[in-house]
Number of protein chains: 2
Amino acid sequence: MDIIKYVHLDGQSMISEPRYDCAIDAAMSVIEGRWKTVIICKLYRNGAPMRYNQLMAQIEGISPRIFTLQLKEMERDGIIVRNVRSTKPKCVEYYLSERGFSLLPILKSLAEWGLKNMFSNMVEFDDGITVPSKDDLKESGLC
Amino acid sequence: MDIIKYVHLDGQSMISEPRYDCAIDAAMSVIEGRWKTVIICKLYRNGAPMRYNQLMAQIEGISPRIFTLQLKEMERDGIIVRNVRSTKPKCVEYYLSERGFSLLPILKSLAEWGLKNMFSNMVEFDDGITVPSKDDLKESGLC
DNA sequence: CAGCATCCCCTAAGATACTG
DNA sequence: CAGTATCTTAGGGGATGCTG
């Protein structure tokens, strides 16, 4: 089954979409993107919906253009919800959808795998001083 | 713990590596790559080691340069093993390492997630005729 | 057989300035 | 506050031909 094309049906018209070789790639395409897993983690840990700037402030090094782009793609893929409150000035909230939440077990598996397999030769942390044990990292959960 | 730098120790020297924000990205970096999941699936399903050309022949549309590149990265990350048999002409085998095998549960989760969430609006297959049911796809396993 | 060597291309990503 | 609008860049990916 690895050769699959699919198209989205958008009301009347058909929108051609990229081709995926298998279901794995379809899922990967949803979480691939420089900041998507970070965004998911932040939203998850925050528990409540987050405003655009509030969320962006938590992500060091991201530019507004890319941030917006990632959000748009994630909304299109149905893993986050964008909700506009008509206050003045307007307030736009983002939060994980049910589908977004359903990614968390996978992300946890990935985190555990990464911890066990890729960080064995990790020797330096940002602060340049402390090197947390793997267990410390582990109990901190996602991200 | 999302701000992490790490470096590889290669004998005496230190090799600077890309920076990952969290363990998730570290794991993702191993399976990201246009053909890596496909290669893993092929090796897994084949059961036995596969030769370079034998494996490449099973991957429609890949070019030798990219194929070699993906293999090299996967070998560097320790998820496949490259074994050279000194026959004439030489024979090079590739197979999944223990670490590579340990990715399979994650890939299966991704496949299931993709099947459930991304293929609901799939309407067209390569042959342009049959549209297998999700159950058909599911029982075909990985890829 | 198992790959390099070259060349090209496209797109994700980033920097920065501006706005309804 | 929540984004656009422009411009630029890096590098992952691809095509094709050649070789120890």
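What counts, and where the lines are drawn
- Residues numbered from 1 in each chain as written.
- Chains lettered and ligands numbered in written order.
- Predicted model: local features only at pLDDT ≥ 70, side-chain atom pairs only at ≥ 80, totals over all residues.
- Heavy atoms only, no water.
- Helix = DSSP H or I, 4+ residues; strand = E, 2+ residues; numbered from the N terminus.
- Contact = heavy atoms within 4.5 Å.
- Axes fitted to C-alpha atoms, helices over the stretch in contact; angles between N-to-C directions.
- Parallel < 35°, antiparallel > 145°, perpendicular 65-115°, else oblique.
- Nonpolar A, V, L, I, M, F, W, Y, C, P; charged D, E, K, R; others polar.
- Near = heavy atom within 4 Å.
- Polar contact = N/O pair within 3.5 Å; in protein donor to acceptor, adjacent residues only side chain to side chain.
- Buried < 20%, exposed > 50% of the residue type's maximum accessible area, 1.4 Å probe, protein only.
- Expected span 1.5 Å × (residues − 1).
- Pairing = 2+ DSSP bridges.
- Core = buried A, V, L, I, M, F, W, Y, C linked by side-chain atoms within 4.5 Å.

Engineer: What should I look at first to understand the overall build of chain A in this one?
Structural biologist: Tallying secondary structure elements over chain A gives 7 helices and 5 strands in all. When the elements of chain A are put in sequence order from the N terminus, they spell out β-β-α-α-β-α-α-β-β-α-α-α. The long-range fraction of contacts in chain A, counting pairs at least 24 apart against all pairs at least 6 apart in sequence, stands at 39%.

Engineer: Teacher, can you tell me more about unusual backbone geometry here?
Structural biologist: Residues other than glycine predominantly adopt negative phi, and peptide bonds predominantly adopt the trans conformation. In this structure, the amide linkage connecting Lys88(A) to the following residue, Pro89(A), adopts the cis form with an omega of -5 degrees. Here Pro89(A) is to be found in the loop between strand 4 (80–85) and strand 5 (91–96).

Engineer: Explanation requested: the packing of helix 1 (residues 23–31) of chain A against helix 2 (residues 36–46) of chain A in the structure shown.
Structural biologist: To describe two helices that pack against each other, one gives the angle between their axes and the distance between the axes. All names here are of chain A. Relative orientation of the contacting elements helix 1 and helix 2 amounts to 70 degrees, with a least axis distance of 8 Å. In terms of axis orientation, helix 1 runs roughly perpendicular to helix 2. The segment helix 1 lies against helix 2, with Ser29, Val30 and Ile31 engaging Lys36, Thr37 and Ile40. When the residues that make up the contact of helix 1 with helix 2 are grouped by side-chain class, the tally is 3 nonpolar, 2 polar and 1 charged.

Engineer: Whenever I open this one, the protein's contact with DNA strand D confuses me. Can you help?
Structural biologist: Close contacts around DNA strand D come from 20 residues, with Arg65(A), Arg82(A), Tyr94(A), Arg34(B) and Trp35(B) the closest. What you see for DNA strand D is that sugar and phosphate hold 58% of its atoms within 4 Å of the protein. Here a phosphate oxygen of DNA strand D and a side-chain polar atom of Lys72(A) are 3.2 Å apart. Arg34(B) is positioned such that a nitrogen or oxygen atom in its backbone is 2.8 Å from a phosphate oxygen of DNA strand D. Residue assignment for the surface near DNA strand D shows that the elements contributing at least two residues are helix 3 (52–57), helix 4 (64–76) and strand 5 of chain A together with helix 4 (64–76) of chain B. Of the residues in the surface near DNA strand D, the class split is 9 nonpolar, 4 polar and 7 charged.

Engineer: How do you make sense of helix 1 (residues 23–31) of chain B when you look at a structure like this?
Structural biologist: Residues and elements named next belong to chain B. Within helix 1, 9 of the 9 residues are buried, which leaves it mostly tucked inside the rest of the structure. Every buried residue belonging to helix 1 is among Ala23, Ile24, Asp25, Ala26, Ala27, Met28, Ser29, Val30 and Ile31, and all of these are buried. Gly33 occupies a position one or two residues after helix 1 and carries a positive phi of about 135 degrees.

Engineer: Is there a simple way to think about helix 6 (residues 104–118) of chain A in this case?
Structural biologist: Owing to its 3.6 residues per turn, the α-helix aligns residues three or four sequence positions apart on the same side. Along its 15 residues, helix 6 of chain A runs 20 Å from first to last C-alpha, staying within 8% of the 21 Å computed at 1.5 Å per residue. For helix 6 of chain A, the set of buried residues is Leu104(A), Ile106(A), Leu107(A), Leu110(A), Ala111(A), Trp113(A), Gly114(A), Leu115(A), Asn117(A) and Met118(A).

Engineer: Please explain the packing of helix 1 of chain A against helix 6 (residues 104–117) of chain B as it appears in this structure.
Structural biologist: The N-to-C vectors of helix 1 of chain A and helix 6 of chain B enclose an angle of 85 degrees; their axes lie 7 Å apart at closest approach. As the angle between them shows, helix 1 of chain A and helix 6 of chain B are arranged roughly perpendicular. The segment helix 1 of chain A lies against helix 6 of chain B, with Ala23(A), Ile24(A), Ala27(A), Met28(A), Val30(A) and Ile31(A) engaging Leu107(B), Leu110(B), Ala111(B), Trp113(B), Gly114(B) and Leu115(B).

Engineer: Even after reading the chapter, I still don't get the protein's contact with DNA strand C, so can you show me in this structure?
Structural biologist: Near DNA strand C there are 20 residues, and of these Arg34(A), Arg65(A), Arg65(B), Arg82(B) and Tyr94(B) occur at the shortest range. The sugar-phosphate portion of DNA strand C accounts for 58% of its atoms within 4 Å of the protein, the bases making up the rest. Note that a phosphate oxygen of DNA strand C is positioned 2.9 Å from one of the side-chain N or O atoms of Gln70(A). Going through the elements one at a time, helix 4 of chain A together with helix 3 (52–57), helix 4 and strand 5 (91–96) of chain B are the ones with two or more residues in the surface near DNA strand C. Along the lines of polarity and charge, the residues of the surface near DNA strand C split into 9 nonpolar, 4 polar and 7 charged.

Engineer: In this structure, what is going on with the sheet that holds strand 4 of chain A? I would like to understand it.
Structural biologist: Think of a sheet as strands paired side by side through backbone hydrogen bonds, with each pair either parallel or antiparallel. Residues and elements named next belong to chain A. Reading across from one edge, 3-5-4 is the order of the 3 strands in this open sheet, with antiparallel pairing throughout. Strands with a single pairing partner mark the edges of an open sheet, and in this sheet they are strand 3 (50–51) and strand 4. The sheet contacts of helix 2 involve strand 3, strand 4 and strand 5, and relative to strand 5 the element is tilted by about 95 degrees.

Engineer: I tried to follow the sheet that holds strand 3 (residues 50–51) of chain B on my own but got confused; where do I start?
Structural biologist: The sheet built from 3 strands is open, its strands ordered 3-5-4 (chain B) with antiparallel pairing. Strands at the two margins of the open sheet, each flanked by one partner only, are strand 3 and strand 4 (80–85) of chain B.

Engineer: I keep staring at the nonpolar core and nothing clicks. Help me out?
Structural biologist: Nonpolar side chains in soluble globular proteins tend to end up buried together. Formed by 74 residues in total, the largest nonpolar core has its most connected members in Ile39(A), Ile40(A), Leu110(A), Ile39(B), Ile40(B) and Leu110(B). Tallying contributions element by element places helix 6 of chain A first for this core, with 8 residues. Non-local contacts of Ile39(A), meaning those with residues more than four positions away in its chain, are made with Leu55(A), Ile59(A), Phe67(A), Gln70(A), Leu71(A) and Met74(A).

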